[in-house]
Amino acid sequence: MSLDLMELLSDDWRERLDPLLDPIATAALSAFVAQEYATQTVYPPQEDLFAAFRHCSYDKARVLILGQDPYHGPGQAHGMSFSVRDGVRLPPSLRNIYKELASDLEVPVAKTGDLTPWADQGVLLLNAVLTVRGGEAGAHAGKGWEEFTDAAIRALNDKPERVVFVLWGAYARKKARLITGVHHTVIESAHPSPLSAKKFFGTRPFSAVNKALVDAGSPEIVWDLNGRG
């Protein structure tokens, strides 16, 4: 089985990422991912690998919410950070995200865990590592995905329009060094995981995102998912 990751990307993202990536390293990552899909249980399904990029074009992207690793349970990951398909039980981090959204903007907790409507409005729901072995959290860390997704962050940093970067947790906050444009906004806090949720609650990231967008002349994100799933 062969796989060319760059060929799977949409044209707009490929054009932006290609100059920022080492072709030898990208080829090695492609070979690794192809081998894993051929021999292991890997999430998300290959057809959902670049769902975040597919639903949020480069030109449309105005918010980044950065996760670390895809969900590693059956039927959970579908290519967008923190999101799960309709009908899948909400993971603990997503439940906490919804609790904070309800507290921040009085948005009732959604029944669906599918965050595609956020992506369709310009929220890039990106994980730093885009694949994982089933039941083995972090199994694909350090295999080249980090350089690939760092390139996506750098590409967003190159945009002349404001992008709001939402970095939850110590791992994501390390990526702040990639964001050098003074016109951008970086929102940092603890991770919504149950392990750190006490520090996450009360940070009001959703209203902060919308304020930063409006201040830059961009429409707010409609965070309310009720009636959409």
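In the annotation of an unreviewed UniProt entry, the entry for the protein reads Uracil-DNA glycosylase, and the organism field reads Actinomadura rudentiformis. On record in UniProt, under Sequence similarities (unreviewed entry), the comment for the protein is "Belongs to the uracil-DNA glycosylase (UDG) superfamily. UNG family."

1. Description of the packing of aromatic side chains
Evaluated as defined, the whole model comprises 13 aromatic pairs. Both rings, one in W118 and one in W223, keep their centres 4.9 Å apart while their planes meet at 90°; by these two values the pair is edge-to-face. Highlighted residues: W118 in helix α6 (residues 116–120) and W223 in the segment after α10 (205–215), separated in sequence by 105 residues. Judged by relative accessible area, W118 falls into the buried class, the value being 1%. Ring pairing ties together the aromatic residues F82, W118, W168, F200, F201, F206 and W223, which thus form one cluster. Taking the ring centre of Y58 as reference, the NZ or CZ of K159 above it sits at 5.1 Å.

2. Section: the UniProt feature "domain: Uracil-DNA glycosylase-like" (unreviewed entry) in the protein
The positions UniProt marks with the feature "domain: Uracil-DNA glycosylase-like" (unreviewed entry) are residues 54–213. Across residues 54–213, the secondary structure splits into 32% helix and 14% strand, with the terminal C-alpha atoms separated by 22 Å.

3. Thoughts on the UniProt feature "active site" (unreviewed entry) in the protein
Summarizing the sequence annotation, UniProt attributes the feature "active site" (unreviewed entry) to D69 in the numbering used throughout. Summarising the element assignment, D69 is placed in the loop between β2 (63–67) and α5 (92–105). Apart from residues no more than four positions distant in its own chain, D69 is found in contact with N127, V129, T131, V132, A137 and G138. For D69, the side chain forms a polar contact with the main-chain nitrogen of G138, separated by 2.6 Å.

4. So, the side chain of T26
Mapped onto the fold, T26 is located in helix α3 (residues 23–39). Under the relative-accessibility criterion, T26 is labelled buried at 9%. In this structure T26 touches M6 and L21, once residues within four positions along its chain are discounted.

5. Some remarks on the pairing of strand β5 (residues 164–168)
The buried fraction of β5 is high, at five of five residues. The alternating pattern of β5 places V164, V166 and W168 and F165 and L167 on opposite faces, both of which are buried.

6. Looking at the nonpolar core
Core analysis: the biggest nonpolar cluster contains 74 residues, and W13, L17, F53, W118, W145 and F148 have the highest contact counts within it. It is helix α7 (residues 145–157) that provides the largest number of residues to this core, a total of seven residues. Once you skip the residues sitting within four places of it in the chain, F148 turns out to touch M6, L9, L17, L21, L29, F50 and F53.

Quick notes on the rules
- Residues numbered from 1 in each chain as written.
- Predicted model: local features only at pLDDT ≥ 70, side-chain atom pairs only at ≥ 80, totals over all residues.
- Heavy atoms only, no water.
- UniProt positions renumbered as here; feature names shortened; annotations may be inferred.
- Phe/Tyr/Trp six-rings, centres within 6.5 Å; stacked < 30°, edge-to-face > 60°.
- Helix = DSSP H or I, 4+ residues; strand = E, 2+ residues; numbered from the N terminus.
- Buried < 20%, exposed > 50% of the residue type's maximum accessible area, 1.4 Å probe, protein only.
- Lys NZ or Arg CZ within 6 Å of the ring centre and 35° of its normal.
- Contact = heavy atoms within 4.5 Å.
- Polar contact = N/O pair within 3.5 Å; in protein donor to acceptor, adjacent residues only side chain to side chain.
- Core = buried A, V, L, I, M, F, W, Y, C linked by side-chain atoms within 4.5 Å.

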